[in-house]
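Notes for the structure review
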Amino acid sequence: MFNKVLVATDFSSSAKALPYCLFALCPNLETEIILTYITDDDDTPQSSAYHTAMEDLKSLEEQIQQAGYEDTCIIISSGEPFEEINRLAEEHDVELVLAASHGKSYLSTTLMGSTTFDLARVASYPLFIEKIYRADDNQVPLLRKVLLPTDFSRESLTSLNVIRSLRENIDEVVVVNVIERRRKDKNMSVRITLAEQKLKELVDEIKLYGVKASYIVEKGTASKRLRHIAEDVDA
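Predicted model, so just to flag it, every value in this text is computed and none were measured.

Criteria and cut-off values
- Residues numbered from 1 in each chain as written.
- Predicted model: local features only at pLDDT ≥ 70, side-chain atom pairs only at ≥ 80, totals over all residues.
- Heavy atoms only, no water.
- Helix = DSSP H or I, 4+ residues; strand = E, 2+ residues; numbered from the N terminus.
- Buried < 20%, exposed > 50% of the residue type's maximum accessible area, 1.4 Å probe, protein only.
- Contact = heavy atoms within 4.5 Å.
- Areas by Shrake-Rupley, 256 points an atom, 1.4 Å probe, with all protein chains shown as cover.
- Expected span 1.5 Å × (residues − 1).
- Arc of directions from axis to C-beta.
- Polar contact = N/O pair within 3.5 Å; in protein donor to acceptor, adjacent residues only side chain to side chain.
- Phe/Tyr/Trp six-rings, centres within 6.5 Å; stacked < 30°, edge-to-face > 60°.
- Pairing = 2+ DSSP bridges.
- Axes fitted to C-alpha atoms, helices over the stretch in contact; angles between N-to-C directions.
- Salt bridge = Lys/Arg side-chain N within 4 Å of Asp/Glu carboxyl O.

Moving on, we get to the overall build of the chain. Within the chain one finds 9 helices and 8 strands. Evaluated residue by residue, the chain yields a buried proportion of 44% over its 235 residues. Residue pairs at least 24 apart in sequence account for 75% of intrachain contacts in the chain once pairs closer than 6 positions are excluded. By element, 45% of the accessible surface of the chain is carried by carbon and sulfur atoms, the whole surface being about 12800 Å².

Right, here's the structure in full:
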């Protein structure tokens, strides 16, 4: 399904699972793969940190090539991680971005915090945030339970195509809509009812793929509520 993929790593223990995510989501060995690491602005090509990152990326590239993928390249960039990841994704017209979630470096604060949703909001491509390891390091099946946030926009609904394509790897999907609070909002109950109606339609469509599905409606700030929901439902 995905012909060109950007893999953003921070070399954390969680990021070690990224190649296996890649192999599961992109079984086509002709997939073009871009490996990237975002350094601090102070890390020049002459710095030891830069050289270490390059060596680690080469090791990752070798692992992927040994699995049969030949079309690979390495890019090291510097700056704000989510901005650089998004820039590279758009510049190279990728069809999927893979990133780790539990690292103790930039991805732990960036992709598990509000910036995750900043990236998701601006993304014009599927974004997969790897969560294959729990806090106790016990491995769980890839895509066992998927949290699917939606604001019912055309862009967010394209994710259904991804769900359909990956349905053989997915056990369950939880579709979520977070309704932003407004001051003196007298129509909140109406907005909730309309959201529930739309979510039921999405759930019914996903069930046609042979995937278990349910929905959640929440009130609040999306960037905050989605993270808590993901933890609550263990997605």
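Now that the structure has been shown, we can carry on.
Another point: helix H8 (residues 188-208). End to end, H8 covers 30 Å across 21 residues, agreeing with the expected 30 Å (1.5 Å per residue, within 8%). All of the buried residues in H8 are Met188, Arg191, Ile192, Ala195, Leu199, Leu202, Val203 and Ile206. Taken end-on, H8 shows its buried residues confined to a sector of 105°, consistent with a single buried face. In H8, those exposed residues whose orientation departs by more than 90 degrees from the buried face are Glu201 and Leu208. Where the residues of H8 are buried, they touch strand E6 (145-149), helix H6 (154-157), helix H7 (159-165), strand E7 (172-179) and strand E8 (212-219). One or two positions beyond H8, positive phi appears at glycine 210, with a value near 85°.

Moving on to the side chain of asparagine 177. Counting through the fold element by element, asparagine 177 comes out in strand E7. The class of asparagine 177 is buried, set by a relative accessible area of 7%. The residues touching asparagine 177, leaving out its near neighbours within four places in the chain, are Thr150, Asp151, Phe152, Ala195, Leu199, Ile216, Val217 and Glu218.

Assignment of secondary structure puts threonine 72 in strand E3 (residues 72-78). For threonine 72, a relative accessible area of 14% puts it in the buried group. A polar contact of 2.9 Å, which involves the side chain of threonine 72, links it to the side chain of glutamine 65. Excluding anything up to four places from it in sequence, threonine 72 contacts Ile33, Glu61, Ile64 and Gln65.

Attention now goes to the packing of aromatic side chains. For the coordinates displayed, the defined rule picks out 3 aromatic pairs. Taken together, a centroid distance of 6.0 Å and an interplanar angle of 85° make the contact between tyrosine 20 and phenylalanine 23 edge-to-face. Of this pair, tyrosine 20 and phenylalanine 23 both sit in helix H1 (residues 18-25), 3 residues apart, roughly one helical turn. By relative accessible area, which is 46% here, tyrosine 20 ends up partly exposed. On the basis of an interplanar angle of 10° and a centroid distance of 5.7 Å, the ring pair of phenylalanine 23 and tyrosine 69 is categorised as stacked. One end of the pair, phenylalanine 23, is in helix H1; the other, tyrosine 69, is in the loop between helix H2 (48-66) and E3, with 46 residues separating them in the sequence. Grouped by ring-pair contacts, the aromatic residues Tyr20, Phe23 and Tyr69 constitute a single cluster.

With that settled, consider the sheet that holds E6. A sheet is described by the order of its strands in space; here 3 strands give the open sequence E6-E7-E8, paired in parallel fashion. Either end of the sheet is taken by a strand with one partner, and the two such strands are E6 and E8. This sheet shows a mean twist of 20° between the axes of neighbouring strands, independent of strand direction. Examined bridge by bridge, E7 and E8 share 8 bridges and lie parallel to one another. Across the sheet, residue valine 175 finds its bridge partner in E8, namely tyrosine 215. Across the face of the sheet, helix H9 (residues 222-232) comes into contact with E6, E7 and E8 while running at roughly 150° to E7.

Tallied over the entire structure, the rule returns 6 salt bridges. One salt bridge connects glutamate 32 with lysine 4, and the closest N-O pair in it is separated by 3.9 Å. You can see glutamate 32 sitting in strand E2 (residues 32-39) and its partner lysine 4 sitting in strand E1 (residues 4-8), a full 28 residues away along the chain. One salt bridge connects lysine 145 with glutamate 172, and the closest N-O pair in it is separated by 4.0 Å. Placement of the pair is lysine 145 in strand E6 and glutamate 172 in strand E7, with a sequence separation of 27 residues. Taking the relative accessible area as the measure of exposure, glutamate 172 reaches 15% and is therefore buried. If you follow the salt bridges from partner to partner, you end up with Glu84, Arg87 and Glu91 in one network.

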